[in-house]
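A closer look at the structure
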Amino acid sequence: MAYDKFTTLTTTAVPLPIENVDTDQIIPARFLKATERVGFGDNLFRDWRYNSDNTPKEDFVLNNPKYNGKILIGGKNFGSGSSREHAAWAVYDYGFRCVVSSFFADIFKNNALNNGLLPITVSESFLASIFGLGKEATLSVCLEDQTITIDAKGAIETFEINAYKKTCLLNGYDDIDYLLSNKVAIENFEKNRK
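Residues numbered from 1 in each chain as written. Predicted model: local features only at pLDDT ≥ 70, side-chain atom pairs only at ≥ 80, totals over all residues. Heavy atoms only, no water.

It is worth spelling out the overall build of the protein chain at this point. Helix and strand counts for the protein chain come out as eight helices and seven strands. Taking the principal axes of its C-alpha atoms as reference, the protein chain extends roughly 65 × 45 × 25 Å. A buried classification covers 45% of the 194 residues belonging to the protein chain. The long-range share in the protein chain, meaning contacts at least 24 apart out of those at least 6 apart in sequence, stands at 64%. Summed over its atoms, the accessible surface of the protein chain is roughly 10,300 Å², and 49% of this surface lies on carbon and sulfur atoms. In the protein chain, 21 side chains carry a positive charge and 25 a negative one; their mean positions are 3 Å apart. (Helix = DSSP H or I, 4+ residues; strand = E, 2+ residues; numbered from the N terminus. Buried < 20%, exposed > 50% of the residue type's maximum accessible area, 1.4 Å probe, protein only. Contact = heavy atoms within 4.5 Å. Areas by Shrake-Rupley, 256 points an atom, 1.4 Å probe, with all protein chains shown as cover. Lys, Arg positive; Asp, Glu negative; His and termini not counted. Charge placed at Lys NZ, Arg CZ, Asp CG, Glu CD.)

The following block contains the structure:
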């Protein structure tokens, strides 16, 4: 199993109401030297989180202990810029399992899905409702039903996801794991070929 299985997630969220967040802001290029997926969370939003002397910026949301949870709420056009897969690695490695926005750059969205991170596209009005919540409010995401709920309000919105990627997330599979899960069926197909 390559990633945590994603079924239902109920958690508080971390609001980042900034539009046009690009991959260089998510993980600056100077931290792309590693080829493994671990350790990138330490530098997630590095230039927004830390001063030049490496002290935390008190006003940045990830440095505020009042905000935590496994859902990152981003402004419109999250993940634009370069195609670096490291951006999805950094978000996942930090501990987020889901990112919510009203629009994702296609490459970031695909990289997220390939790396165990669920990107959920919601309407502008639903996103505004989430940003209006208090720090203790929870969201519930049900991947099986493809719904996201603002628990205190009972407001629900559905989201789209590719069926193959949904299967992978539900089972914690990457592409190789998915193929291995079908090994017997593949072997039987090969045996029965004429």
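Where the residue is not glycine, phi is negative for most of them; where a peptide bond is considered, it is trans in most cases. The backbone phi angle of N20 is positive, close to 60 degrees, even though this residue is not glycine. Note on N20: relative accessible area 45%, which makes it partly exposed. For Q146, which is not glycine, the phi dihedral falls at a positive 60 degrees. Structurally, Q146 can be placed in the loop between strand 5 (138-142) and strand 6 (147-150).

Looking now at a nonpolar patch on the surface. Together, I176, L179, L180 and I186 make up an exposed nonpolar region whose accessible area comes to about 390 Å². Looking at the nonpolar patch, the element that brings in the most residues is helix 7 (residues 175-181), giving three residues. Note that L180 resides in helix 7. (Patch = residues over 30% accessible without salt bridge, like charges linked within 9 Å, V, L, I, M, F, W, Y side chains within 5 Å. Salt bridge = Lys/Arg side-chain N within 4 Å of Asp/Glu carboxyl O.)

Taken together, the seven strands give an open sheet; going across it, the order is 4-3-2-1-5-6-7, and neighbouring strands pair in mixed fashion. With one partner strand each, in any of the chains shown, strand 4 (118-121) and strand 7 (155-158) form the two edges of the open sheet. Sheet twist, expressed as the average angle between the axes of neighbouring strands with direction ignored, equals 30 degrees. As paired elements, strand 3 (residues 98-101) and strand 4 share four bridges and run parallel to each other. Across the sheet, V100 pairs through a bridge with I120, a residue of strand 4. (Pairing = 2+ DSSP bridges. Axes fitted to C-alpha atoms, helices over the stretch in contact; angles between N-to-C directions.)

Next up on the list: the side chain of N43. Looking at the element boundaries, N43 is found in the loop between helix 1 (23-26) and helix 2 (46-49). Here N43 falls in the buried class, since its relative accessible area comes to 13%. Apart from the residues lying within four places of it in its own chain, the contact partners of N43 are I26, I27, P28, F31 and R49.

What follows concerns the pairing of strand 5. Among the five residues of strand 5, four are classified as buried, and the element is accordingly described as predominantly covered. Bridge count between strand 1 (residues 8-16) and strand 5: five bridges; the pairing is antiparallel. Looking across to strand 5, one finds that T12 is bridged to T138. For strand 5 and strand 6, the ladder comprises four bridges, and the chain directions are antiparallel. What sits directly across from S140, in strand 6, is T149. The antiparallel hairpin formed by strand 5 and strand 6 contains four residues in its connecting segment, where Q146 sits at a positive phi of about 60 degrees.

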